[in-house]
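Chain by chain, the residues:
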2 protein chains.
Amino acid sequence: MIDYSRDAHDIYRQSFAIIRAEARLERIPDDLEKLAVRVAHSCGMPDVVDDLVFSPGAGASGRAALAAGAPILCDAQMVANGVTRSRIPAGNEVICTLNDPQVPELARQLGTTRSAAALELWRPKLAGAVVAIGNAPTALFRLLEMIDAGAPKPALILGFPVGFVGAAESKDELAANPRGVPFVIVRGRRGGSAMAAAALNALGTEHE
Amino acid sequence: MIDYSRDAHDIYRQSFAIIRAEARLERIPDDLEKLAVRVAHSCGMPDVVDDLVFSPGAGASGRAALAAGAPILCDAQMVANGVTRSRIPAGNEVICTLNDPQVPELARQLGTTRSAAALELWRPKLAGAVVAIGNAPTALFRLLEMIDAGAPKPALILGFPVGFVGAAESKDELAANPRGVPFVIVRGRRGGSAMAAAALNALGTEHE
């Protein structure tokens, strides 16, 4: 027998205690503290907390929207799969339109990526929604363009696109000009579906 | 209009070029170079390449198994969802048993996590399989215990569990005593479903 912890609750408890001992949480507002801890937990990096940027009241706006049953709009199926259904307060719809059969043709028409084109199918659900972007910078850029062109505003953008081309830039664009939309981002190249889902899961319920 | 790249192929090409310029790839064997690049791509961190540890011939063993139609055994649904079906060479089965209805009772009987207990259902598929662990340290520990107790050996373990309790330790245990099983791990706390899926996707086809 190898010696290791086999108790899921104990593993969670120890993990969160290590994060709270190591991460610089002082500047994180109370209503985002659990979100920050859970994002660090998802990636094994307490220092990711240093790169979180957020608008005032972002946590409250997201929590209120989820409690009221707002849909959760995800740019990638891995984000949607990472949403823990038992943490969602009102049986909220979890929607990812990336694999909709209309998307490849929409992408050709719009001259953009499938990840960005998939947002066209979000329009009827966008007002007051909680958006979780955990993969594609082009999806976040496209969302900002749609809002600039008059699309309804979501209640919260969780902006965690990842990578080397456009990820940092798309999150900087949102932070520099939030267009009146509450947001939480991790600035820079880091991000991903696990972080986006963790942020959403933290807002879904107070229970750790 | 915001100025950003909307061409998916161009974004991939640029991303991989940035990683190859920044990452220290010199010590990575030829048959794992694309895997290393794709793992860095999945998390936005070129320095993750410095933490890759692997056994000789791990890439060749994984590629041969996939080409021969080996099943892909994933510890988490997010890993399974991250496997790009068009990159899989032989229509290989992608299996995640975590949500099987037998698992909660198995976990109680075995006194372990659901993630670890779910591996009991891998047994008929384990010989020659490609294992991708992107979430739970207890799943990797359990796999090593099963092999120690005589379970069939997989063709490759992609070991990317993430987190603060057991992640580094489970990967260290595998690297210190691979039990004759080819492996690739990222040592330390970092890991995750995106890295595990990226590693698998890199082995599935030579195409970038």
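In what follows, the structure referred to is the one given above.
Bear in mind the structure is a predicted one, so any value in this text is a computation, not a measurement.

Rules of the game
- Residues numbered from 1 in each chain as written.
- Chains lettered and ligands numbered in written order.
- Predicted model: local features only at pLDDT ≥ 70, side-chain atom pairs only at ≥ 80, totals over all residues.
- Heavy atoms only, no water.
- Axes fitted to C-alpha atoms, helices over the stretch in contact; angles between N-to-C directions.
- Helix = DSSP H or I, 4+ residues; strand = E, 2+ residues; numbered from the N terminus.
- Parallel < 35°, antiparallel > 145°, perpendicular 65-115°, else oblique.
- Contact = heavy atoms within 4.5 Å.
- Nonpolar A, V, L, I, M, F, W, Y, C, P; charged D, E, K, R; others polar.
- Buried area = accessible area lost by both parts, 1.4 Å probe.
- Salt bridge = Lys/Arg side-chain N within 4 Å of Asp/Glu carboxyl O.
- Pairing = 2+ DSSP bridges.
- Core = buried A, V, L, I, M, F, W, Y, C linked by side-chain atoms within 4.5 Å.
- Buried < 20%, exposed > 50% of the residue type's maximum accessible area, 1.4 Å probe, protein only.
- Right-handed = clockwise from strand over helix to strand, strands pointing away.
- Least-squares fit on C-alpha atoms with pLDDT ≥ 70 in both.

1. Re the packing of helix α3 (residues 58–67) of chain A against helix α9 (residues 193–204) of chain A
All names here are of chain A.
Next, step 1: In contact at an axis separation of 9 Å, α3 and α9 are set at 70° when each is read in the N-to-C sense. The orientation of α3 with respect to α9, classified from their angle, is roughly perpendicular. For the pair α3 and α9, the contacting residues are Gly59, Gly62, Arg63 and Leu66 in the first and Leu200, Ala202, Leu203 and Gly204 in the second.
Next, step 2: For the contact of α3 with α9, the per-class residue count stands at four nonpolar, three polar and one charged.

2. Regarding the interface of chain A and chain B
Next, step 1: The interface is formed by 41 residues belonging to chain A together with 41 residues belonging to chain B.
Next, step 2: Taken over both partners, the interface formed by chain A and chain B buries close to 3300 Å², and the fraction arising from carbon and sulfur atoms is 69%.
Next, step 3: On inspection of chain A and its partner chain B, the count reaches four salt bridges.
Next, step 4: Between arginine 189 of chain B and glutamate 22 of chain A there is a salt bridge; the shortest N-O distance is 2.8 Å.
Next, step 5: Those elements that provide at least two residues to the side of chain A that touches chain B are α1 (8–22), α2 (33–43), α4 (77–82), α7 (137–148) and α9 of chain A.
Next, step 6: Per element, the largest residue contribution to the side of chain A that touches chain B is seven residues, and it comes from α1 of chain A.
Next, step 7: Across the side of chain A that touches chain B, the residue classes tally to 18 nonpolar, 15 polar and eight charged.

3. So, the sheet that holds strand β2 (residues 72–74) of chain A
All names here are of chain A.
Next, step 1: Taken in spatial order, the six strands line up as β1-β6-β5-β4-β2-β3 in an open sheet, and their pairing is mixed. Strands with a single pairing partner mark the edges of an open sheet, and in this sheet they are β1 (52–54) and β3 (94–95).
Next, step 2: Two elements, β1 and strand β6 (residues 183–186), share three bridges in a ladder whose sense is antiparallel. Of the residues in β6, the one forming a bridge with valine 53 is isoleucine 185.
Next, step 3: Across the sheet, α7 touches β4 (130–133) and β5 (156–159), and the angle it forms with β4 is around 145°.

4. What about the nonpolar core?
Next, step 1: Judged by nonpolar contacts, the single largest core of 100 residues is most densely connected at Leu35, Leu158, Phe160 and Val184 of chain A together with Leu35, Leu158 and Phe160 of chain B.
Next, step 2: If near-sequence neighbours (up to four positions away) are discounted, leucine 158 of chain A is found in contact with Leu35, Val130, Val131, Ala132, Ile133, Val184, Ala196, Ala199, Leu200 and Leu203 of chain A.

5. Observations concerning the pairing of strand β6 (residues 183–186) of chain B
Residues and elements named next belong to chain B.
Next, step 1: Residue alternation in β6 divides its side chains into two sets, Phe183 and Ile185 and Val184 and Val186, and both sets are buried.
Next, step 2: The pairing of strand β5 (residues 156–159) with β6 spans three bridges and is parallel. Its bridge partner being in β6, leucine 158 is matched across the sheet by valine 184.
Next, step 3: Note that the unit made of β5, helix α8 (residues 167–176) and β6 has a crossover that is right-handed.

6. So, the relation of the copies chain A and chain B
Next, step 1: Superposing chain A onto chain B takes a rotation of 180° combined with a translation of 0.0 Å along the rotation axis, leaving an RMSD of 0.0 Å. Taken together, the turn and the small shift mark the pair as related by a two-fold rotation axis. Rotation axis and chain A: the residue whose C-alpha lies nearest the axis is methionine 78 of chain A, separated from it by 2.7 Å.
Next, step 2: Interface residue correspondence from chain A to chain B reaches 100%, placing this contact among same-surface, isologous pairings.

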